[in-house]
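Observations on chain architecture
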Amino acid sequence: MKTALITGVTGQDGSYLAELLLQKGYRVIGLIRRTSTVPTERIYHLGESLELVSGDLLDEKSLRHILETYNPDEVYNLAAQSFVPESWTQAILTGEVTGLGVTRLLNAIYDVSPKIRFYQASTSEMFGKAQTVPQNEHTPFYPRSPYGAAKVYGHWMTVNFRESYGMFASSGILFNHESPRRGMEFVTRKVTYAAARIAAGLQTELRMGNLDAQRDWGYAPDYVEGMWRILQAEEPGDYILATGQTHSVREWVDKSFQAAGLDYRNYVVTDKKFVRPAEVDLLVGDATKAHTMLGWTPSVTFDQLIHIMVDADHKLVAEQEAARHVIAQIRGIQ
């Protein structure tokens, strides 16, 4: 039985990856930070099949201890301060976790067991002000946020450990990928959840930033399958995972509201507060290398993804309202 360690296991990708690896017969260890509140709702359903251990990318000693204790065959580094707008207000923390955290983990792996296969979650945000369209593994990076810059550092450290020490250290440069487990602070989920609430009469407007930015959106479970395939390859390397299709934020909003039976123009308000200091205008990936060498291809279309998320949020809103009514009745009785 193989053992895998996943950092960032409580996030969208971490939860789907844990599911996938458990289905493949892995022993899965999930690293969590011990904070006042540990957000485990995405992994709660996995129960005791997922083993959780306390550690932190800011503390290399804790990482070494975990590696020595569990001796994983594979390490997937998905942990990061990953909310791009927040990286502007917490630039130092973003650099420490998203950038230097990668180096601490690579150092620990090299010292404890350099045979471990390492996956680094790189991102299309590294391309930022894209120098070519579409972007591939040879496109120069031009990050436009502290998050993007920190990810570039982590990416190049992964390359350096691979080339300097012969480690199996690979990166997946993933373009936007979404699901019903996406955090509410991310634009796609913000839109689908608002559409569901407006359709239920619980919200009257949605305030948005730049509607003209264009992204390459896929379905998160497809992308964690790609992560696993990257570590099963014969040789380490870097791979773009993307659909190869681009859509504007406006199109995401329009189709999400249509799926909820609404016209977005009656509810969406542009608010400068949500516009980034430096915008990333157009990202679209060329995943030819992943298709050819890994046999990876996305299975869910843009329209299917939107319907998956809107349907899930309709269900969530209904459940939240039912729970609220029950609580109100209980309080009324008391």
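Conventions we followed
Residues numbered from 1 in each chain as written. Predicted model: local features only at pLDDT ≥ 70, side-chain atom pairs only at ≥ 80, totals over all residues. Heavy atoms only, no water. Helix = DSSP H or I, 4+ residues; strand = E, 2+ residues; numbered from the N terminus. Expected span 1.5 Å × (residues − 1). Bend = angle between axes of the 7 residues up to and from the residue. Buried < 20%, exposed > 50% of the residue type's maximum accessible area, 1.4 Å probe, protein only. Phe/Tyr/Trp six-rings, centres within 6.5 Å; stacked < 30°, edge-to-face > 60°. Lys NZ or Arg CZ within 6 Å of the ring centre and 35° of its normal. Salt bridge = Lys/Arg side-chain N within 4 Å of Asp/Glu carboxyl O. 1 Å grid on protein atoms, 1.4 Å probe; cavity = no way out; pocket = protein on both sides within 12 Å on 5 of 7 lines; lining within 4 Å. Points joined across faces, edges and corners; volume = space filled by probe spheres on them. Nonpolar A, V, L, I, M, F, W, Y, C, P; charged D, E, K, R; others polar. Pairing = 2+ DSSP bridges. Axes fitted to C-alpha atoms, helices over the stretch in contact; angles between N-to-C directions. Contact = heavy atoms within 4.5 Å. Core = buried A, V, L, I, M, F, W, Y, C linked by side-chain atoms within 4.5 Å.

Another aspect to go through is helix α4 (residues 91-112). A rise of 1.5 Å per residue sets the reference length of α4, with its 22 residues, at 32 Å; its end C-alpha atoms lie 30 Å apart and thus fit the reference within 8%. Along its length, α4 shows its largest kink, about 45 degrees, at Leu100. Considered for burial, the residues of α4 that qualify are Thr94, Val97, Thr98, Gly99, Gly101, Val102, Thr103, Arg104, Leu105, Leu106, Ala108 and Ile109.

Attention shifts here to the packing of aromatic side chains. By the definition in use, this model includes 11 aromatic pairs. Ring-pair connections join several aromatic residues into one group, and the members of that group are Phe127, Phe141, Trp156 and Phe175. Arg117 extends its terminal NZ or CZ atom over the ring of Phe168, reaching a point 3.8 Å from the ring centre. One Lys or Arg, Lys289, reaches over the ring of Tyr239 and ends 4.6 Å from the middle of that ring.

It is worth spelling out the pattern of salt bridges at this point. Enumeration over the complete set of coordinates arrives at 18 salt bridges. A salt bridge links Arg189 to Asp313; its shortest N-O distance comes to 2.8 Å. With Arg189 in helix α6 (residues 187-199) and Asp313 in helix α10 (residues 302-333), the pair connects residues that are 124 residues apart, well separated along the chain. For the pair shown, Arg189 and Asp313 are each scored as buried. Salt bridges linked by common partners bring Glu60, Arg64 and Asp111 together as one network.

Moving on, we come to the layout of surface pockets. Take a probe with the size of a water molecule and roll it over the atoms, and the empty space left behind shows itself. Roughly 200 Å³ of internal volume is contained in the second largest pocket. Lining the second largest pocket are 13 residues, and of these Glu137, His155, Trp156, Val159 and Asp238 lie nearest its centre. Counting residues per element, the lining of the second largest pocket draws most heavily on helix α5 (residues 146-165), which supplies 5 residues. A class-by-class count of the residues in the lining of the second largest pocket yields 5 nonpolar, 3 polar and 5 charged.

The strand order across the open sheet built from 7 strands is β3-β2-β1-β4-β5-β6-β11, with neighbouring strands paired in parallel fashion. Two strands in the sheet have a free side with no partner beyond their single neighbour: β3 (50-54) and β11 (238-241). The mean inter-strand angle of the sheet, taken between neighbouring strand axes irrespective of direction, is 20 degrees. Strand direction decides the pairing type here: strand β1 (residues 3-7) and strand β2 (residues 27-32), joined by 5 bridges, are parallel. Note on β2: the bridge partner recorded for Ala4 is Val28. Packing of helix α1 (residues 12-23) onto the sheet brings it into contact with β1, β2, β3, β4 (74-77) and β6 (169-174), and relative to β1 it is tilted by some 170 degrees. Here helix α7 (residues 220-232) sits on the sheet and contacts β4, β5 (117-123), β6 and β11; the angle it forms with β4, its principal contact strand, is near 140 degrees.

Let us now look at the nonpolar core. By size, the foremost hydrophobic cluster in this structure holds 42 residues, and its most contacted members are Ile6, Leu17, Leu21, Tyr76, Leu78, Tyr119 and Met227. At the level of elements, β1, α1, β2, β5, β6, α7, β11 and α9 (288-294) are the ones that each hand at least two residues to this core. With 7 residues, the top contributor of residues to this core is α7. Residue contacts for Leu17: discarding those within four places in its chain leaves Ile6, Tyr76, Leu78, Val224 and Met227.

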